[in-house]
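Each chain, letter by letter, is given below.
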Amino acid sequence: MTAVTANEAHAPAPPAGGRLRLLYRAGWIRAAWMTCLFGGIGFGLVVGLRYWFGWYPLLLEAPVVLVAGLVAAPIGFLAGIGCFDYWVYYALGLPTRPEDHSGHGARSWRDYFRVNTDHKVIGVQYLTTTIFFFLVGGMLALLVRAELARPGMQFFDNQTYNGLFSVHAALMIFLFVIPAFAGLANFVVPLMLGAADMAFPRLNALSFWLLPIAGLMMLSSFLVQGGAFACGWTGYVPLCSTHQPLGAIFFNQGVQWAGASSIMTALNFLVTIITMRAPGMTFWRLPLLVWANFTTSLLVVIATPFIAGSQFFSMFDHVMHTAFFQEAQGGYPLGYQHIFWFYSHPAVYIMMLPGFGIMSEVISVFSRKPIFGYRLMALSLMAIVVLGFSVWAHHMFVSGMASWLRVPMMITTLLIAVPTGIKIFSWLATMWEGKLHFRTPMLFALGFLSMFVIGGLSGVMLGAVPIDIHVSDTYFVVAHIHYVLFGGSVFTIFAGIYYWFPKMTGRMYDEKLGKLHFWLTFVGFNLTFFPMHILGTLGMPRRVSDYAPKFADLNMFISLASFALGASVLVFLYNVIWSWRHGEKAPGNPWHALTLEWQVSSPPPTFNFDEIPQVVGSPYEYGVPGAQHAILAPSREREPAEVGA
């Protein structure tokens, strides 16, 4: 961040100098011209190299767009907005600016629109950005359902329709579910640990600013010649490399930017959790949300480079005419699926494990009981990490892979249900004979339990080779993935937002509107997606813009229900926006929870704790006389910014 010295602040400056300073000071103005500058450099680099090597035409569209628009220009934006200032000064051997904490914390709404090193501000930035992409992805889904309301082609041609559901799925997975969990964890985990911030605040800020780049990249694919990438969120090759228009490159690069953001965030969480726990907080005293993010971060760091590799190879086939996956030229098309799913099935747990942590917090607090089997819950998270890498090929039972691989993958797929089942029974046992409080977060937690069990049961069915062969690429699979990712992940995200909303904003949300949002979502979700199981077993294929007339009635019903589900989000938006501005002021601990984030004011102080917490017990000892998770000892004198770069 750029700090202004006392002499600079009081020295008279001519108006022209002041205007010039706006051009080179980190911010949106500098970001605008540096985006154009770096884009121009990338353009010149491509044209110059093609001229040097005698490649014609000089202005070939794909490499120019890739290098100038999808690589160089975003780097220019990040440099302009100030993500690299501190590191560039350090790398060049120049005097680094003194840390005056001017880039830390939110003093007005403007602080949320610049590079900020406060993990709480970054958490809110993550959540608001991901909710925007959730709304956009939801609108694309409604356009898909409008097309499918009746047989025949109503509004779109086939390529546009394929682009709609492909961008919808990519936004929901890479720009909503995964980063929304990262946003909640960004706000909460350092507070739960008793830390002043994340281990690497500047890296944390950079990881956020990669996200809007990735999302805008995917949406921009609609504007290029040939339209958006239209081969599904999986981007299967060779369809998505050599047979697709320019939009496929936008998907390749969007995944790269989103993946880089995930890796940076995961590394930050790992270092923070391992090295910055409060005194007395052993691993067996960690809240389960912290355990969940620890295991998720392990998955991200190990698995994400694989999808990065798959997208690089696919992009090279498209732009540079290599043959990694072109069978006619000696490539191996199934290799893409193996690489992709080696990431993407662990990615299912990247999208689930943080939600498991949220459920543990919410259910324990609103049941007023300790978590049943705390250590087994933590160990089951680790078991999912290990087993998650052994099941990828169950997505490929009908792909033409080696038949001998089917049975081992079926066995591991069924086996991974065991640690997940441990969690379901632990949550049920936690609620058993508890004093249940049916506040909005608890309602979403219960909705998650029921929906995730249905998704898990259909997952076990799909893990069985004979059933999978029958319903593969039908609407049964669409129903399954939505029960897992919407009924699972989205329900837990809503539960987490409502649960920590008072801590984030200092205001209470409207409980009646929260409950209305839950019931509209719960009913609308089931009416939308449960009938898809029936369509799938009857044989309706997915990823089609037209279908046989015999499926018309159910499709009309599903489309009407989907619009009701979409309307439920309007209640959530109104509740959040109105409550943030006008809601009742929240006390420090409205839920009477034991974890550390509830032991400070709402919202928390800039550096979280005025006193150093001393952890003395479990975070879940509800109903145990005299039980205490932590005490706040007098703080030693220290510089609050002594947190890593």
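Residues numbered from 1 in each chain as written. Predicted model: local features only at pLDDT ≥ 70, side-chain atom pairs only at ≥ 80, totals over all residues. Heavy atoms only, no water.

### A look at helix α12 (residues 353-367)
Working step 1: A rise of 1.5 Å per residue sets the reference length of α12, with its 15 residues, at 21 Å; its end C-alpha atoms lie 21 Å apart and thus fit the reference within 8%.
Working step 2: For α12, the tally of buried residues reaches 15 of 15 residues, placing the bulk of the element in the interior.
Working step 3: Directly after α12, the chain includes Arg368, whose backbone phi takes a positive value near 55°. (Helix = DSSP H or I, 4+ residues; strand = E, 2+ residues; numbered from the N terminus. Expected span 1.5 Å × (residues − 1). Buried < 20%, exposed > 50% of the residue type's maximum accessible area, 1.4 Å probe, protein only.)

### With respect to unusual backbone geometry
Working step 1: In the segment running from Tyr56 into Pro57, the intervening peptide bond is cis, with an omega of 0°.
Working step 2: A cis geometry characterises the amide bond from Val237 onward to Pro238, with omega recorded as 0°.
Working step 3: For His321, which is not glycine, the phi torsion reads 60° and is therefore positive.
Working step 4: In this structure, His321 sits in the loop between α10 (288-319) and α11 (333-350).
Working step 5: Take His321: its relative accessible area is 59%, and that puts it in the exposed class.
Working step 6: Phi angles above zero are rare outside glycine, and Arg368 is one such case at about 55°.

### Here we look at the confidence of the model for the chain
Note: predicted coordinates in regions of low pLDDT should not be interpreted at a detailed level.
Working step 1: Summarising the model, the chain shows a mean pLDDT of 87, and 94% of its residues fall at 70 or more.
Working step 2: pLDDT under 50 marks residues 1-14. Its contacts with residues more than four places away, or in other chains, come to 15 contacts.
Working step 3: This stretch, residues 635-645, has a pLDDT under 50; its non-local contacts, to residues over four places away or in other chains, come to 27 contacts. (pLDDT = per-residue confidence, 0-100. Contact = heavy atoms within 4.5 Å.)

### Looking at the state of the cysteines
Working step 1: Taken as a whole and assessed by the stated rule, the structure comprises 1 disulfide.
Working step 2: A disulfide bridge connects Cys231 with Cys240, and the sulfur atoms are separated by 1.9 Å.
Working step 3: Note on Cys231: relative accessible area 9%, which makes it buried.
Working step 4: The exposure class assigned to Cys240 is buried, which follows from its relative accessible area of 1%.
Working step 5: As a non-bridged cysteine, Cys83 has Cys36 as the owner of its nearest cysteine sulfur, 17 Å distant. (Disulfide = S-S within 2.5 Å.)

### Details of the nonpolar core
Working step 1: Counting 187 residues, the largest nonpolar core has Phe174 and Trp500 as its most contacted members.
Working step 2: Per-element accounting of this core gives the leading share, 25 residues, to helix α7 (residues 158-193). (Core = buried A, V, L, I, M, F, W, Y, C linked by side-chain atoms within 4.5 Å.)

### Points about empty space enclosed by the protein
Working step 1: For the structure on display, the rule yields 2 cavities of 30 Å³ or more.
Working step 2: What the largest cavity holds in volume is close to 240 Å³.
Working step 3: For the largest cavity, the lining is made up of 24 residues, of which Ile178, Ala182, Ser262, Val300 and Ile350 are closest to its centre.
Working step 4: For the lining of the largest cavity, the secondary structure elements donating two or more residues are α7, α9 (247-275), α10 and α11. (1 Å grid on protein atoms, 1.4 Å probe; cavity = no way out; pocket = protein on both sides within 12 Å on 5 of 7 lines; lining within 4 Å. Points joined across faces, edges and corners; volume = space filled by probe spheres on them.)

### Comments concerning the packing of helix α4 (residues 61-81) against helix α8 (residues 201-220)
Working step 1: Direction vectors running N to C along α4 and α8 enclose 140°, while the axes themselves pass 11 Å from each other. Taken together, the axes of α4 and α8 are oblique relative to one another. Like other packed secondary-structure pairs, α4 and α8 cross with a definite hand, here right-handed. Facing α4, whose interface residues are Leu70, Pro74, Phe77, Leu78 and Ile81, α8 presents Leu206, Trp209, Leu210, Ile213 and Met217.
Working step 2: When the residues that make up the contact of α4 with α8 are grouped by side-chain class, the tally is 10 nonpolar, no polar and no charged. (Axes fitted to C-alpha atoms, helices over the stretch in contact; angles between N-to-C directions. Parallel < 35°, antiparallel > 145°, perpendicular 65-115°, else oblique. Left-handed = near helix turned anticlockwise from the far one by under 90°. Nonpolar A, V, L, I, M, F, W, Y, C, P; charged D, E, K, R; others polar.)

### Observations concerning the packing of aromatic side chains
Working step 1: Applying the stated rule across the entire model yields 62 aromatic pairs.
Working step 2: With a centroid separation of 5.2 Å and 50° between ring planes, the pair formed by Phe525 and Phe529 is classed as tilted. Here Phe525 and its partner Phe529 are both found in helix α19 (residues 511-538), 4 residues apart, which amounts to about one turn of the helix.
Working step 3: You can call Phe525 buried: its relative accessible area is 0%.
Working step 4: Overall, the relative accessible area of 8% leaves Phe529 in the buried class.
Working step 5: In this arrangement the basic side chain of Arg202 is found over the ring face of Tyr86, its NZ or CZ atom lying 3.7 Å from the centre. (Phe/Tyr/Trp six-rings, centres within 6.5 Å; stacked < 30°, edge-to-face > 60°. Lys NZ or Arg CZ within 6 Å of the ring centre and 35° of its normal.)

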